[in-house]
Amino acid sequence: MTQAPSYDAHWHPEAGAELRLDDAVRMPRIAIESVTPALDEGRFAVKTGIGQRVDVSCRIFADGHDQLAASLLWRAADDGDWQRVKLVPMGNDFWSAHFVPDRPALHQFRIEAWWDIYETYRYELGKKHAAGVPVTLELTEGRQHLESARNRSEGEAREVLDALLERMPAEHDELDSRVNFLMSPEVNAAMATADAKPHLAVTRAYPLDVERERATFASWYELFPRSCTDDANRHGTLRDVMSRLPAVRDMGFDVLYFPPIHPIGRAHRKGKNNSLEAGPQDPGSPYAIGSHEGGHDAIHPELGTLDDFRALVSEAAKHNLEIALDFAIQCSQDHPWLEQHPGWFAWRPDGTIRYAENPPKKYQDIVNVDFYAEDAVPELWTALRDVVVHWVEAGVKIFRVDNPHTKPLPFWEWMIGDVRRRYPDTMFLSEAFTRPAMMARLGKVGFNQSYTYFTWRNTKAELAEYLTELNESPLRECYRPNFFVNTPDINPYFLQSSGRPGFLIRAALATMGSGLWGMYSGFELCESAPVPGKEEYLDSEKYEIRPRDYNAPGNIVAEITQLNRIRRQNPALQTHLGLKVFNCWNDNILYFGKRTADLSNFILVAVNLDPHNAHEAQFELPLWEFGLPDDASSQGEDLMNGHRWQWHGKVQTTRLDPQLSPFGIWRFSPLNG
């Protein structure tokens, strides 16, 4: 089939240049604008997940009154053929369509729009005939349209048009039958297949990163393998971690994350509570990576061997747990690279090495590589990539990356892209607590998940604003938030003084607010003893071995288990998207809803943010979401205890007592839904 030439919908002469005639005739006649979803006009890939519906919209318009047609084309980047669906006009020049990717891979989509000559003809023929205007000449034009389409077609399309032309009513046949034939869906479908698509405008291919489920829905549990022991004087091992796997699984976690497990340097080793002098038994910080026993591709000898690690990965998989490792690029001053590749580091004029600082904090036990040192490009870049590949080949597909915002963005874009081209299931979590623009950019260059400001959002206004912001562009396209409630580095002020109710409050907010959440071990025991005046743990596990009694009185293991169970049973809770904050007339109670696009699963969450006092408030049931009037009846189910009831009307009342339960999680549906 012959087809008219196409025009690049994004092509235009250089800004500020004189528009020449030969350039003007190359410019598209049809405008395609405001394509969504897109990041920086297609510079970066939009994030989505396997099986998730991708809604595409844009504005399409042209001069004149002729009818336009448009298609959405999509494919996995490694597929040759495009799949195609029609774009539907939604009014005011907006068009939309959707598709559902069925495998994790980098995908592309683009939009085509063209002058629909036959649809324009049908539109005018129908109007004229309905108005009683003579259409004899128009009927002759209709036959010519079919003949032209037949002449430019081949194969089955030509055969269909030949058959239609043979069946076409003759000139002496009834007028209505001739008009109805040319207006029929059968003829319209055949003409659409044979459409020459004049003035065809084609957009660029917009990238879309389709990822596996755990990129969007996962529960992370962090522990130090060396603390998997019942004696602070005995270093835990990787095989000791195996005994902890059933409990982690039973709490509902599916990602088990370790801080660095590599050999720890001796030079400038930190002692208990980050002291500058380490005693002979102090294990040091695992972030001081490297010793004569090896670097980033080695395992700390007291933890075990690479075979032990592979056995742990295999055993974890039996419990539906994936092992996530910390990728921390810094080195101890004993790291083999300092001797093997001194040109990869920054040195002071007196010949001493420049150790890491984040004023006023000093990290005398670690040094940073210099990505742009003369001897570092490309050797350092490829060496770091090879470290990741080494652990991927040992069974790790998830990496938490330490302080990525202090390393070059081009490195991350290249490294993550290179690893994921080889191993598409690999995921990277950005541990960056920094400026919003940088956090968003890290998501754009390839990080699948990100730490967030959630840790420091405590009031109703702060939380409502932040949860809403994460659901809006551009963050919804590039930033997938993982709500960690605590970390070895962060003992939040809120938890230091809120007691057991405070831990329940933060657990409910994290598990219900995002499809991704995480906790560092000890949270389930409500550990909160701080270094006075700081958001740091007293007797931090970063500098010592800490055995725990996970059955200690006052633990919240049962509540965490139920929260994770609720997440697994309700699709609306398996993403941070689909969240809306609703009216609740008490500044101490945050009230929001999460729902699936088809409203088949609708969860309401109310959290008392005051850990010390009970609060009561009126709140609105979002009956309007189901098209129900304000006086309609609906039903609720408390997902923590299974209790069910009926609501009548839009305005209801709740009372949340932190000593009983500081939150309510209710499945909401129409009465007969």
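Residues numbered from 1 in each chain as written. Predicted model: local features only at pLDDT ≥ 70, side-chain atom pairs only at ≥ 80, totals over all residues. Heavy atoms only, no water.

- In the annotation of an unreviewed UniProt entry, the entry for the protein chain reads Alpha-1,4-glucan:maltose-1-phosphate maltosyltransferase, and the organism field reads Pseudomonas matsuisoli.
- The record held by UniProt for the protein chain lists under Subunit (unreviewed entry) the comment "Homodimer."
- Among the UniProt annotations of the protein chain, the heading Sequence similarities (unreviewed entry) holds the following wording: "Belongs to the glycosyl hydrolase 13 family. GlgE subfamily." (UniProt positions renumbered as here; feature names shortened; annotations may be inferred.)

1. Concerning helix 12 (residues 409-422)
Piece 1. Compared with an ideal rise of 1.5 Å per residue, which puts 14 residues at 20 Å, helix 12 spans 20 Å between its outermost C-alpha atoms and is within 8% of the ideal.
Piece 2. For helix 12, the full list of buried residues reads Phe411, Trp412, Met415, Ile416, Gly417, Asp418, Val419 and Arg420.
Piece 3. Residues of helix 12 that are buried make contact with strand 11 (206-211), strand 14 (322-327), helix 11 (379-393), strand 17 (398-402), strand 18 (427-431) and helix 13 (436-445). (Helix = DSSP H or I, 4+ residues; strand = E, 2+ residues; numbered from the N terminus. Expected span 1.5 Å × (residues − 1). Buried < 20%, exposed > 50% of the residue type's maximum accessible area, 1.4 Å probe, protein only. Contact = heavy atoms within 4.5 Å.)

2. Structural notes on the UniProt feature "site: Transition state stabilizer" (unreviewed entry) in the protein chain
Piece 1. Here the UniProt feature "site: Transition state stabilizer" (unreviewed entry) sits at Asp489.
Piece 2. Position of Asp489 relative to the elements: it lies in the loop between strand 20 (482-484) and helix 16 (493-513).
Piece 3. Taking relative accessible area as the criterion, Asp489 reaches 29% and is therefore assigned partly exposed.
Piece 4. For Asp489, the residues in contact, after removing those within four places along its chain, are Arg400, Glu431, Glu535, Glu536 and Lys542.

3. A closer look at the side chain of Lys407
Piece 1. Within the fold, Lys407 resides in the loop between strand 17 and helix 12.
Piece 2. Buried charge Lys407 goes without a salt bridge, the closest partner of opposite sign being Asp402 at 5.3 Å.
Piece 3. In this structure the side chain of Lys407 is engaged in a polar contact, spanning 3.0 Å, whose partner is the side chain of Thr406.
Piece 4. Excluding its chain neighbours within four sequence positions, the residues that come into contact with Lys407 are Ile329, Phe371, Asp402 and Trp412. (Lys, Arg positive; Asp, Glu negative; His and termini not counted. Salt bridge = Lys/Arg side-chain N within 4 Å of Asp/Glu carboxyl O. Polar contact = N/O pair within 3.5 Å; in protein donor to acceptor, adjacent residues only side chain to side chain.)

4. Some words on helix 11
Since the α-helix packs 3.6 residues into each turn, any two residues three or four apart lie on the same face.
Piece 1. In this model, helix 11 (15 residues) spans 21 Å end to end at C-alpha, consistent with the 21 Å of a helix rising 1.5 Å per residue.
Piece 2. Those residues of helix 11 that sit buried are Leu380, Trp381, Ala383, Leu384, Arg385, Val387, Val388, Val389, Trp391 and Val392.
Piece 3. Of the surrounding secondary structure, the elements contacted by the buried residues of helix 11 are helix 9 (306-318), strand 14, helix 10 (336-340), strand 17, helix 12 and strand 18.
Piece 4. Where helix 11 ends, the next residue or the one after it, Gly395, has phi of about 110 degrees, a positive value.

5. Overview of unusual backbone geometry
Among all residues save glycine, negative phi is the norm, and among peptide bonds the norm is trans.
Piece 1. Cis rather than trans, the peptide bond between Thr36 and Pro37 has omega equal to 5 degrees.
Piece 2. Here Pro37 lies in the loop between strand 2 (31-36) and strand 3 (46-49).
Piece 3. The residue after Ser473, namely Pro474, is reached through a cis peptide bond having omega 5 degrees.
Piece 4. Note on placement: Pro474 falls in the loop between helix 14 (460-470) and helix 15 (475-478).
Piece 5. Although it is not a glycine, Asn92 sits at a positive phi angle of roughly 55 degrees.
Piece 6. For Asn92, the position within the fold is in the loop between strand 7 (88-91) and strand 8 (94-99).

6. Topic: the sheet that holds strand 13 (residues 255-258)
Piece 1. The 8 strands lie next to each other as 19-18-17-14-13-12-21-20, forming an open sheet whose pairing is parallel. The open sheet terminates on both sides in strands that have one partner only, identified here as strand 19 (449-450) and strand 20.
Piece 2. Bridging between strand 12 (residues 218-222) and strand 13 involves 3 bridges; their strand directions are parallel. Across the sheet, the residue bridging to Tyr221 is Leu256, located in strand 13. (Pairing = 2+ DSSP bridges.)

7. Structural notes on the packing of helix 2 (residues 117-130) against helix 3 (residues 136-151)
Piece 1. In the contact formed by helix 2 and helix 3, the axes pass within 11 Å of each other and the chain directions differ by 160 degrees. In this view, helix 2 runs roughly antiparallel relative to helix 3, as classed from their interaxial angle. Relative to helix 3, the crossing made by helix 2 is left-handed. Counting all contacts with helix 2, which are made through Ile117, Tyr118, Tyr121, Leu125 and Lys128, the residues of helix 3 involved are Glu138, Leu139, Glu141, Gly142, His145 and Leu146.
Piece 2. Among the residues making up the contact of helix 2 with helix 3, the classes are represented as 6 nonpolar, 2 polar and 3 charged. (Axes fitted to C-alpha atoms, helices over the stretch in contact; angles between N-to-C directions. Parallel < 35°, antiparallel > 145°, perpendicular 65-115°, else oblique. Left-handed = near helix turned anticlockwise from the far one by under 90°. Nonpolar A, V, L, I, M, F, W, Y, C, P; charged D, E, K, R; others polar.)

8. Let's talk about the environment of Pro410
Piece 1. With respect to the helices and strands, Pro410 occurs in helix 12.
Piece 2. Apart from residues no more than four positions distant in its own chain, Pro410 is found in contact with Tyr372 and Trp381.

9. What about the sheet that holds strand 8?
Piece 1. The 4 strands lie next to each other as 2-4-8-7, forming an open sheet whose pairing is antiparallel. The open sheet has two free edges, formed respectively by strand 2 and strand 7, since each of these has just one partner strand. Between one strand and the next, the sheet's axes are offset by a mean angle of 30 degrees, whatever the strand orientation.
Piece 2. Pairing of strand 2 with strand 4 (residues 54-61), which is carried by 4 bridges, proceeds in the antiparallel orientation. Residue pairing for strand 4: Ala31 is matched across the bridge by Phe61.

10. Some points on the pattern of salt bridges
Piece 1. In the structure shown here, the tally under the stated rule is 47 salt bridges.
Piece 2. Two residues, Glu315 and Lys318, come together in a salt bridge whose shortest N-O distance is 3.4 Å. On the criterion of helical spacing, the pair formed by Glu315 and Lys318 is a turn pair, its members being 3 residues apart in helix 9.
Piece 3. A residue is classified by how much of its surface remains accessible, and Glu315, at 25% relative accessible area, is partly exposed.
Piece 4. A residue is classified by how much of its surface remains accessible, and Lys318, at 63% relative accessible area, is exposed.

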